[in-house]
Amino acid sequence: MESGSERLEAEAASADRLRRASSFGAAAAQYAQYRPRYAEAAIRWCLAPVSGAQPVRAADLGAGTGILSGALARLGADVIAVEPDQEMLAELRRQLPAVRAVEGSAEALPLPDHSVDAVLCGQALHWFDLDRALPEIARVLAPGGVLAGLWNVDDDRVGWVAGLTAISNSGTTLSRWRSPPDPDTERATLHAGSTWFAPAEEREFGNGQLRSTDSLVAAIATKSQLLIMDEAERARTLAALRAFLHRQPETSAGEFTLPLVTVALRAVRRPRLPPQA
């Protein structure tokens, strides 16, 4: 039985997740401009189980400003973007006027049954309530369809990158990705398999990004842990990041390559699902 303290901790964690997940709209334009793109090879790997469909019908779930939607469209997919935040959705429509974009969430998808071959989530799967989202995603996927998550993570095997992530308190690092997932996380849940999905597979893809001090600091400033800081703490953190980059020989002389890795996880929908209650 869950104790009172455990329940309070769970409620606090849920409130923090909601606060962070809803923080991006205020920085939608900066998010679109500075957030890194995903390695094309990673997107192709995610779509490989349904590559026989021409074109692949793909939903970009938690689409944000459309970074992944645009990449899917360029690969020839028939894309529908689903995003709950009004400001992010408006920016997505400005960036990609030719892509269908609708308001909706992973837990209540505004899509018909079996209407897509793939559901992809760029930097978003960890925000979902999977108990509610997985049956919804399975509902809209065709039999044999694929659910995939992609994240761009900092390659903290590189010394200066590890120093940078320590200042920003970033949780999106390669070393954390390679550690066994914590119980009840999206990775642990999908690796275990479920009524709806076969156990997930994972891959990593190099994705170095050309940056300057200004553009890298601007990109970090759009991360949720920075967006929810009070203004004074945020200003101190961004100043510390800038000073750190100016001190490093690798980053102090103009443009440089930021070592990123696109990590990808995919799970195939089971062909037979339980009857609806």
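Below, the structure is looked at part by part. Computed from a predicted structure; not experimentally measured.

### Considerations on the overall build of the protein
Logical step 1: For the protein, the helix and strand inventory stands at 12 helices and nine strands.
Logical step 2: For the protein, long-range pairs separated by at least 24 residues make up 75% of all intrachain contacts whose partners lie at least 6 apart in sequence.
Logical step 3: When the accessible surface of the protein is totalled, it reaches about 13,300 Å², and 51% of it is carbon and sulfur.

### A few points about the packing of helix α10 (residues 213-220) against helix α12 (residues 231-247)
Logical step 1: Interaxial distance between α10 and α12 falls to 10 Å at its minimum, and their mutual angle equals 145°. Judged by the twist between their axes, the crossing of α10 over α12 is right-handed. Across the interface between the two elements, Thr213, Asp214, Leu216, Val217 and Ile220 of α10 pack against Leu238, Leu241, Arg242, Leu245 and His246 of α12.
Logical step 2: When the residues that make up the contact of α10 with α12 are grouped by side-chain class, the tally is six nonpolar, two polar and two charged.

### Some details on the sheet that holds strand β1 (residues 57-61)
Logical step 1: Strand order in the open sheet made by the seven strands is β3-β2-β1-β4-β5-β9-β6, with mixed pairing throughout. If you trace the sheet from one side to the other, it starts and ends with β3 (100-103) and β6 (201-206), each paired once. When strand polarity is set aside, the average angle formed by the axes of neighbouring strands in this sheet is 20°.
Logical step 2: One ladder, built from nine bridges, connects strand β5 (residues 141-154) with strand β9 (residues 260-268); its direction is antiparallel. Bridge pairing in β9 places Leu150 opposite Ala264.
Logical step 3: Where helix α5 (residues 86-95) meets the sheet, it contacts β2 (78-83) and β3, and its direction lies at approximately 170° from that of β3.
Logical step 4: The sheet strands contacting helix α6 (residues 130-140) are β1, β4 (116-122) and β5, and the helix crosses β5 at an angle near 125°.

What counts as what
- Residues numbered from 1 in each chain as written.
- Predicted model: local features only at pLDDT ≥ 70, side-chain atom pairs only at ≥ 80, totals over all residues.
- Heavy atoms only, no water.
- Helix = DSSP H or I, 4+ residues; strand = E, 2+ residues; numbered from the N terminus.
- Contact = heavy atoms within 4.5 Å.
- Areas by Shrake-Rupley, 256 points an atom, 1.4 Å probe, with all protein chains shown as cover.
- Axes fitted to C-alpha atoms, helices over the stretch in contact; angles between N-to-C directions.
- Left-handed = near helix turned anticlockwise from the far one by under 90°.
- Nonpolar A, V, L, I, M, F, W, Y, C, P; charged D, E, K, R; others polar.
- Pairing = 2+ DSSP bridges.

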